[in-house]
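Analysis of the macromolecular model
As a plain string of letters, each chain reads:
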Amino acid sequence: MKISKSLNLGLLALAGLAFACGGGEKAAETTAPEASTPAAAPAQEISLEEKYKDDPIYIKGIEKIKASDCMTCHMVERKIIGPSYAEVAAKYENTEENVTMLAGKVIAGGAGVWGEVMMAPHPSISEEDAKDMVRSILLLKK
Ligand code: HEC
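To start, this report covers the structure provided alongside it. (Residues numbered from 1 in each chain as written. Predicted model: local features only at pLDDT ≥ 70, side-chain atom pairs only at ≥ 80, totals over all residues. Heavy atoms only, no water.)

Digging into the overall build of the protein chain
Our working rule: The secondary structure listing takes helices from DSSP runs of H or I that are at least 4 residues long and strands from runs of E that are at least 2 residues long, numbered from the N terminus. Only protein chains enter the calculation, and the probe is 1.4 Å; a residue is then buried if its accessible area is under 20% of its type maximum, exposed if over 50%, and partly exposed in between. Working rule for contacts: check all heavy atoms of both residues, and any pair within 4.5 Å makes them a contact.
Along the protein chain, the regular secondary structure elements total eight helices and zero strands. Going residue by residue from the N terminus, the α and β elements of the protein chain occur as α-α-α-α-α-α-α-α. Looking at the protein chain residue by residue over its 142 residues, the buried ones come to 26%. In the protein chain, the share of contacts with a sequence separation of at least 24, taken over all contacts with a separation of at least 6, comes to 58%.

See below:
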């Protein structure tokens, strides 16, 4: 899906380039540029995952998150067992202090902030990995 999307964008960009370089009023009359705009429309409602997919901090953290069990209880934009990462990002400022505090909760487990359900502890995750995970979560501001 990602591949076809970026391919689409690439093709659009190419088409735009060809159009721009082709120049001349004739081209403007014959190639009806509006035809290509509906395909570009989804860019208006991109998901947070799409929005940050090229951010190195996001990439590093989300890889570690996916390698762990986090996604069984958390989704990026929908609450399941735990809060969505977008909700967490909206609640906490992206400061080093909050990164350290939340990384501590990932390792030790947490409860009482979002409801009655508790987050299982993850004693085998290093503090560095937990921080990378949290950094990628706190990045997810709309
Ligand atoms: C068994 C389900 C479960 C798993 C697995 C899980 N979480 Fe959670 N997580 C929760 C729940 C439930 C909460 C809300 C806890 C609360 O109310 O304090 C939570 C809260 C959080 C919070 C916010 C903590 C706060 O105090 O606001 C972060 C950040 C978080 N999880 C990250 C992670 C990461 C990273 C992983 C993977 C290493 C992970 N979680 C794995 C269930 C889970």
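Some details on the coordination of the iron atom of the ligand
Short version of the rule: Water is absent from the atoms considered, so a metal site may look incomplete; donors are defined as N, O and S atoms within 2.8 Å of the metal, or 3.2 Å for Na, K and Ca. For a four-donor site, all angles between 85 and 135 degrees give tetrahedral; for four or six donors, opposite pairs above 155 degrees with the remaining angles between 65 and 115 give square planar or octahedral; all remaining cases count as irregular.
With distances of 2.0 to 2.1 Å, the protein atoms coordinating the iron atom of the ligand are H74 (NE2) and M119 (SD). For the iron atom of the ligand, the six donor atoms in the first shell make angles of 85 to 179 degrees at the metal, so the coordination geometry reads as octahedral. Taken together, the residues span a long stretch of sequence, with H74 in the loop between α5 (56–67) and α6 (85–91) and M119 in the loop between α7 (96–108) and α8 (127–138) at a distance of 45 residues. By relative accessible area, which is 12% here, H74 ends up buried.

Focus on the layout of surface pockets
Here is the rule: Cavity: a set of points on a 1 Å grid over the protein atoms alone where a 1.4 Å probe fits but cannot get out. Pocket: an open set with protein on both sides within 12 Å along at least five of seven lines, its lining residues, like those of a cavity, having an atom within 4 Å of a point. Grid points are joined across faces, edges and corners, and a volume is the space filled by probe spheres set on the points. Put simply, Ala, Val, Leu, Ile, Met, Phe, Trp, Tyr, Cys and Pro go in the nonpolar bin, Asp, Glu, Lys and Arg in the charged bin, and everything else, Gly too, in the polar bin.
Its volume calculated, the largest pocket comes out at about 640 Å³. If you trace the largest pocket, you find 32 residues lining it, with H74, G82, P83, W114 and M119 closest to the centre. Of all the secondary-structure elements, those providing two or more residues to the lining of the largest pocket are α6, α7 and α8. Broken down by class, the residue content of the lining of the largest pocket amounts to 21 nonpolar, seven polar and four charged.

Comments concerning the packing of aromatic side chains
Basically, it comes down to this: Classification of ring pairs rests on two measures: the distance between centres of Phe, Tyr or Trp rings, Trp counted by its six-membered ring, which must be within 6.5 Å, and the angle between planes, read as stacked under 30 degrees, edge-to-face over 60 and tilted in between. Definition used: whenever NZ (Lys) or CZ (Arg) falls within 6 Å of the ring centre and also within 35 degrees of the ring normal, the charge is taken to sit over that ring.
Under the defined criterion, the tally for this structure stands at zero aromatic pairs. Of note, K91 hangs over the ring of Y92, and the distance from its end group to the ring centre comes to 5.7 Å. A cation sits over an aromatic face here: K91 above W114, 5.5 Å from the ring centre.

Looking at the environment of V106
Looking at the element boundaries, V106 is found in helix α7. In this structure the C-alpha to C-alpha distance between V106 and H122, which are 16 residues apart in sequence, comes to 6.2 Å. Other than its neighbours up to four places away in sequence, V106 contacts M119, A120, P121, H122, I125, A130 and V134.

Quick word on the pattern of salt bridges
Quick note on the threshold: Salt bridge, as used here: a side-chain nitrogen of Lys or Arg that lies within 4 Å of a carboxyl oxygen of Asp or Glu.
Evaluated as defined, the whole model comprises eight salt bridges. Between K60 and D132 there is a salt bridge; the shortest N-O distance is 3.7 Å. Taken together, the residues K60 in helix α5 and D132 in helix α8 connect sequence positions 72 residues apart. D132 gets classed as buried once you look at its relative accessible area, which sits at 7%. Two residues, K142 and E77, come together in a salt bridge whose shortest N-O distance is 3.6 Å. With K142 in the segment after α8 and E77 in the loop between α5 and α6, this residue pair connects regions lying 65 residues apart in the sequence. For K142, a relative accessible area of 73% translates into the label exposed. Here the salt bridges share partners, and the residues they tie into one network are K60, K64, E96, D129, D132 and R135.

Points about the nonpolar core
Which entries qualify depends on this criterion: In plain words, nonpolar cores are sets of buried Ala, Val, Leu, Ile, Met, Phe, Trp, Tyr and Cys residues tied together by side-chain atoms within 4.5 Å.
Ranked by size, the top nonpolar core spans 24 residues in total, and within it Y58, I65, Y85, V134, L138 and L140 carry the most contacts. Looking at this core, the element that brings in the most residues is α8, giving five residues. In contact with Y85, not counting residues within four places along its chain, are I65, C70, M71, H74, M75, V76, I137 and L140.

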